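Listed below are the residues making up each chain.
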Amino acid sequence: MLTIATSVDDSFDRMRSKLEAEKARPNHAIDPYFYRSHLVHEQELGHLIFRSWLYALHSSEIPNSGDYQLIEVGEDSIIVARGADGEIRAMHNICRHRGARVCEEVKGNRRTFVCPYHGWVYNTDGSLRAARETHVMENFDPDAHGLKPVKCVVYMGLVFINCDMNAGDLAASLDKIKEPLGAYDLANAKVAHRNSYRVDANWKLVVENYLECYHCATSHRAYARLHTLKDLNEKSEPIVQKMLDRADEVTGIPGISKEHTEIYLDAPSFGACAHTMRYGLFDGYVTGSKDGKPVAPLMGDIKDYDGGAGDFQMGPLAFMLNYPDHCVLYRFLPRSLTETDMELVWFVRGDAVEGKDYNVEDVTWLWHHTTQEDDYIITRNSAGVNSRFFEPGPYHPEFEATLQQFISWYLHSLEDSLPA
Ligand code: FES
Ligand SMILES: [Fe+2]
């Protein structure tokens, strides 16, 4: 873990004046203060991260009753489990007695969760099943001491969680991108591989990096050979337009080329972002692999390769890159002021057989390598941004436009979180 110097006189007043200063310098990278302050980090967790919809896992990863996985966010741990009734639920991994974690292993199958401290026993739906010797406690109500619930939504097999029990309706947001997202039949897809990359940088730097392709030409040679997104619209437009004109017909999916963007400040409810667009690959390439050739059977009902790829966002911190033969999901989760977990999940069609229809190495090659390149540049970005001598420079108006939407949501949300 990277440790950085801390200002001991940090305060909400200081945060307020830093936020004010940003308004006087629009369209520029933001002050290093926002990446260094422990107070800012605490505000972010409470008011942005734990109020947002976060991708947890794919429902096929917990197929049986009692199957569960832990999702680690900031200093917290959340259990996502399939109950005896087959329902998927999420709950805080915190005992309702004196707060010990009730589950240690990151995934597995349990009939119950037993607290290691004094032995309280919880069902996989979170309800309290037994609490030793509490019969002598007057007025003890077991029903009032189940594991605290976390909101949980399953959408096309993708499981999302939100620690704000009053959070808005994510499914309503995602319904607006359902035609293009539905093309891949994710509900019946399978996880070919999953990998977590710990990046030594503040979470915002990691998300910012994902949201711009200004760096693609310089940092991602393999990616840039295939994807037109590395170029300005004026250059890529003819290729993209040709692909869009044929996409619906070639893929056999009406609406696969639909565009919809309601993200960050434009999201229908807090942290319920939804975005889709289809962009083109250069001629001769049909998917995101080492050589741009297919690496797995076509997904869902897709009939043929159109030379395009679907770009999606679901919530503020989860994204997908969907090629006709495989899909790549990205999820970013802050772990501390200077550490972020970047999780990649590769999906292939549910009935594809490993070793016969696809090889994990081929499916994962491009984005595993691209992610390692990102780790390299993000950690260098972090080192520079954390310097007291960093003076923020201007954003590129086209390449860094989405990044700016993220930053303006971020600054607004942080300002809204301050006490009156
Ligand atoms: S803290 Fe869990 S039983 Fe006491
Ligand atoms: Fe990148």
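Since we're looking at a predicted model, the values are computed, not measured.

With eight of 10 residues buried, strand β16 (residues 327-336) is to be regarded as a mostly interior element. As paired elements, strand β15 (residues 318-322) and β16 share five bridges and run antiparallel to each other. Bridged to Met320 within β16 is Leu329. As paired elements, β16 and strand β17 (residues 339-348) share nine bridges and run antiparallel to each other. When the sheet's bridge partners are listed, Leu333 is paired in β17 with Asp341. Hairpin geometry of β16 and β17 is characterised by an intervening segment of two residues between the two adjacent antiparallel strands.

Along its sequence, the protein chain is organised into domain 1 (54-154) and domain 2 (169-415). Each of domain 1 and domain 2 has a C-alpha centre, and these two points are 32 Å apart. At the junction of the two partners, domain 1 supplies nine residues and domain 2 supplies 14 residues. Of the residues forming the side of domain 1 that touches domain 2, the biggest block, three residues, is contributed by strand β1 (residues 54-58). Looking at the side of domain 1 that touches domain 2 residue by residue, the classes come out as four nonpolar, three polar and two charged.

So, about the pairing of β17. As defined by bridge partners, strand β11 (residues 190-199) adjoins β17 across nine bridges and the pair is classed as antiparallel. Across the sheet, His193 pairs through a bridge with Trp346, a residue of β17.

Another aspect to go through is helix α10 (residues 360-385). In a regular helix each residue adds 1.5 Å, so 26 residues correspond to 38 Å; α10 covers 36 Å between its end C-alpha atoms and thus fits that length. If you check which residues of α10 are buried, you get Val363, Thr364, Leu366, Trp367, Thr370, Thr371, Asp374, Ile378, Asn381, Ser382 and Val385. Packed against the buried residues of α10 are α2 (33-36), β11, α6 (203-210), α8 (221-226), β16 and β17.

Turning our eyes to something else, we now look at the nonpolar core. Leu54, Ala56, Val80 and Phe160 are the most contacted members of the largest nonpolar core, which has 102 residues in total. Look past the residues within four positions of Leu54 in its chain and what remains in contact with it is Val73, Phe160, Ile161, Asn162, Gly315, Leu317, Ala318 and Leu333. Of all hydrophobic cores here, the second largest spans five residues; its members include Met15, Phe34, Tyr35 and Val40.

As a further point, take unusual backbone geometry. Here Asn27, not a glycine, exhibits a phi torsion of approximately 60°, which is positive. Here Asn27 is to be found in the loop between α1 (12-23) and α2. Of the residues examined, Asn27 has 12 C-beta atoms within 10 Å and is grouped as exposed. A positive phi angle, close to 55°, is found at Glu133, a residue other than glycine. Within the secondary structure, Glu133 is located in the loop between β8 (128-130) and β9 (149-155).

Calculation criteria
- Residues numbered from 1 in each chain as written.
- Chains lettered and ligands numbered in written order.
- Predicted model: local features only at pLDDT ≥ 70, side-chain atom pairs only at ≥ 80, totals over all residues.
- Buried ≥ 20, exposed ≤ 12 C-beta atoms within 10 Å, placed from the backbone.
- Helix = DSSP H or I, 4+ residues; strand = E, 2+ residues; numbered from the N terminus.
- Pairing = 2+ DSSP bridges.
- Domains from an automatic or database assignment.
- Contact = placed C-beta atoms within 7 Å.
- Nonpolar A, V, L, I, M, F, W, Y, C, P; charged D, E, K, R; others polar.
- Expected span 1.5 Å × (residues − 1).
- Core = buried A, V, L, I, M, F, W, Y, C linked by C-beta atoms within 7 Å.

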